[in-house]
Amino acid sequence: MAPRKRSETQKTEIVLRSKNKRSRSPRELEPEAKKHCVKGSGSNRGCDSGCLWAGLGSLQVPPPCHSIVRALHQYKLGRAAWPSLQQIGAGGSITGLKFNPLNTNQFFASSMEGTTRLQDFKGNILRVFTSSDTCNVWFCSLDVSGSSRMVVTGDNVGNVVLLHMDGKELWNLRMHKKKVTHVALNPCCDWFLATASVDQTVKIWDLRQVRGKASFLYSLPHRHPVNAACFSPDGARLLTTDQKSEIRVYSASQWDCPLGLIPHPHRHFQHLTPIKAAWHPRYNLIVVGRYPDPNFKSCSPYELRTIDVFDGNSGKMMCQLYDPESSGISSLNEFNPMGDTLASAMGYHILIWSQEETGTQK
């Protein structure tokens, strides 16, 4: 049953820390964690990927007067008032958001309101691509391709809809038995589609050959429902996040067999934004928020809610990020295209992490 809509709205805050205050490693935060450091912290380990960020654990937040988001807004729109889009409460939660690759003043959004649409930052709805017209069906995932002019979206009953950017529906098929939690087009071969579902499978499709729910190229079974399936920037790997304690990496050389399994606590909770692991845009690194689980094998007492960075090849922990003044669970983490700035979504807060100007510290 769809959640009831509420009239109340909440503000999202961009949390910024002072420039000279660097983020400390979990080991340095032992007193705040009752002298129990996080096991597996890799803040002093070498980086197997040979990455530029040898000391990712020393990232820090820009000073309050240099909000990246606000600065970009002022650059594009001048000193105009900070934009405020009309909100529709909890019943209209945004489930997918993508900038229009053909016009960065516009964005695509799927929502629990039951639509997938294109709108601008002034709140104008430019086109509605899908509309369920019922409170029992809503859209949970979204992806867009600028080169092929395609929009793909999935709903809570297992359907996936492929559309052209002009609004023409190409097909609407039930590809999973249950909710489609994530859809992803391959960045190098945009006819290659990955879909993830709470039916405990990830499926890979060739959009040129889709004829029905049985026409997938590969079906990747998981032990638990799956939150996300993301292609790497080069399109050669697939990263999946389940709803319990496992991250998987698949390779194009053998899609049907995982290249590596990374045990990691990020269990599902009804009132928590699903945790999804993401790729670094330039290096073979994986970033994901930690939700400590007392039933997890390597859990230690008073374990911190860190942001964990893993080597994509070996699965080793490279470092952990933590801000004692914003100690919530970081469900979503996304790097900028250059990979030198990380945005973390934590409840109603957004944390911006960037390298220290004076150089990286280990």
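Look up: the structure comes first, before these words.
The sections below set out a description of the structure shown in this document. (Residues numbered from 1 in each chain as written. Predicted model: local features only at pLDDT ≥ 70, side-chain atom pairs only at ≥ 80, totals over all residues. Heavy atoms only, no water.)

**Examining the overall build of the protein chain**
When you go through the protein chain residue by residue, the secondary structure sums to one helix and 24 strands. Relative to its 362 residues, the protein chain shows a buried fraction of 49%. Looking at the protein chain alone, contacts between residues at least 24 apart form 49% of all its contacts between residues at least 6 apart. On the protein chain, roughly 18,300 Å² of surface is accessible, and the fraction owed to carbon and sulfur atoms is 51%. (Helix = DSSP H or I, 4+ residues; strand = E, 2+ residues; numbered from the N terminus. Buried < 20%, exposed > 50% of the residue type's maximum accessible area, 1.4 Å probe, protein only. Contact = heavy atoms within 4.5 Å. Areas by Shrake-Rupley, 256 points an atom, 1.4 Å probe, with all protein chains shown as cover.)

**Here's the deal with unusual backbone geometry**
The backbone phi angle of Asp133 is positive, close to 60 degrees, even though this residue is not glycine. The topology assignment puts Asp133 in the loop between strand E5 (125-131) and strand E6 (139-145).

**A few points about the packing of aromatic side chains**
Overall, the coordinates contain eight aromatic pairs when judged by the stated rule. Centre to centre, the rings of Phe107 and Phe121 are 5.2 Å apart; their planes meet at 50 degrees, and the pair counts as tilted. Residue Phe107 is found in strand E3 (residues 103-111), and its partner Phe121 is found in the loop between strand E4 (115-120) and E5; the two are separated by 14 residues along the sequence. Residue classification places Phe121 among the partly exposed positions, given a relative accessible area of 33%. Plain terms: the ring middles of Trp205 and Phe216 are 5.8 Å apart, the flat faces sit at 85 degrees to each other, and that makes the pair edge-to-face. Of this pair, Trp205 sits in strand E12 (residues 201-206) while Phe216 sits in the loop between E12 and strand E13 (218-221); the two residues are eleven residues apart in sequence, bridging distant segments of the chain. The exposure class assigned to Trp205 is buried, which follows from its relative accessible area of 0%. Aromatic ring contacts, followed pair by pair, group Trp191, Phe192, Phe231 and Trp255 into a single cluster. One Lys or Arg, Arg208, reaches over the ring of Trp191 and ends 3.8 Å from the middle of that ring. Just above the ring of Tyr291 sits the side chain of Arg267; from NZ or CZ to the centre is 3.8 Å. (Phe/Tyr/Trp six-rings, centres within 6.5 Å; stacked < 30°, edge-to-face > 60°. Lys NZ or Arg CZ within 6 Å of the ring centre and 35° of its normal.)

**Quick look at the environment of Asp340**
Structurally, the position occupied by Asp340 is in the loop between strand E22 (332-335) and strand E23 (341-346). Separated by 60 residues in the primary sequence, Asp340 and His280 place their C-alpha atoms 9.4 Å from one another. Reaching out from Asp340, the side chain makes a polar contact with the side chain of Asn336 at a distance of 2.9 Å. (Polar contact = N/O pair within 3.5 Å; in protein donor to acceptor, adjacent residues only side chain to side chain.)

**Some thoughts on the nonpolar core**
Leu239 and Ile286 are the most contacted members of the largest nonpolar core, which has 16 residues in total. Put simply, the parts of the chain that give this core at least two residues each are strand E14 (226-231), strand E16 (246-251) and strand E19 (285-289). If we skip the residues at most four places from it in the chain, Leu239 touches Ala228, Ala229, Cys230, Ile247, Arg248, Val249, Ala277, Ala278, Trp279 and Ile286. (Core = buried A, V, L, I, M, F, W, Y, C linked by side-chain atoms within 4.5 Å.)

**Points about the side chain of Thr116**
Inspection of the secondary structure assignment puts Thr116 in strand E4. Reaching out from Thr116, the side chain makes a polar contact with the side chain of Thr130 at a distance of 2.9 Å. When neighbours within four sequence positions are excluded, Thr116 is seen to be in contact with Ala109, Ser110, Val128, Phe129, Thr130, Phe139, Leu142 and Thr153.

**Concerning the pairing of E23**
With four bridges joining them, E22 and E23 adopt antiparallel strand pairing. By the bridge assignment for E23, Phe335 is matched with Leu342. The turn joining E22 and E23, which pair antiparallel and follow one another in sequence, is formed by five residues; a positive phi near 80 degrees is taken by Gly339. In terms of strand pairing, E23 meets strand E24 (residues 349-354) through six bridges, oriented antiparallel. Following the sheet pairing, Ser344 is matched in E24 by Leu351. In this structure, the hairpin formed by E23 and E24 is closed by a connection of two residues, where Gly347 is found at a positive phi of approximately 65 degrees. (Pairing = 2+ DSSP bridges.)

**Looking at the sheet that holds E16**
Reading across the sheet, the four strands line up as E14-E15-E16-E17 and stay open at both edges, with antiparallel pairing between neighbours. Across the chains shown, the open sheet's two edge strands, defined by having one partner strand only, are E14 and strand E17 (254-263). Strand-to-strand twist in this sheet, taken as the mean axis angle between neighbours without regard to direction, amounts to 20 degrees. Examined bridge by bridge, E16 and E17 share six bridges and lie antiparallel to one another. The partner of Ser251 across the bridge, within E17, is Gln254. (Axes fitted to C-alpha atoms, helices over the stretch in contact; angles between N-to-C directions.)

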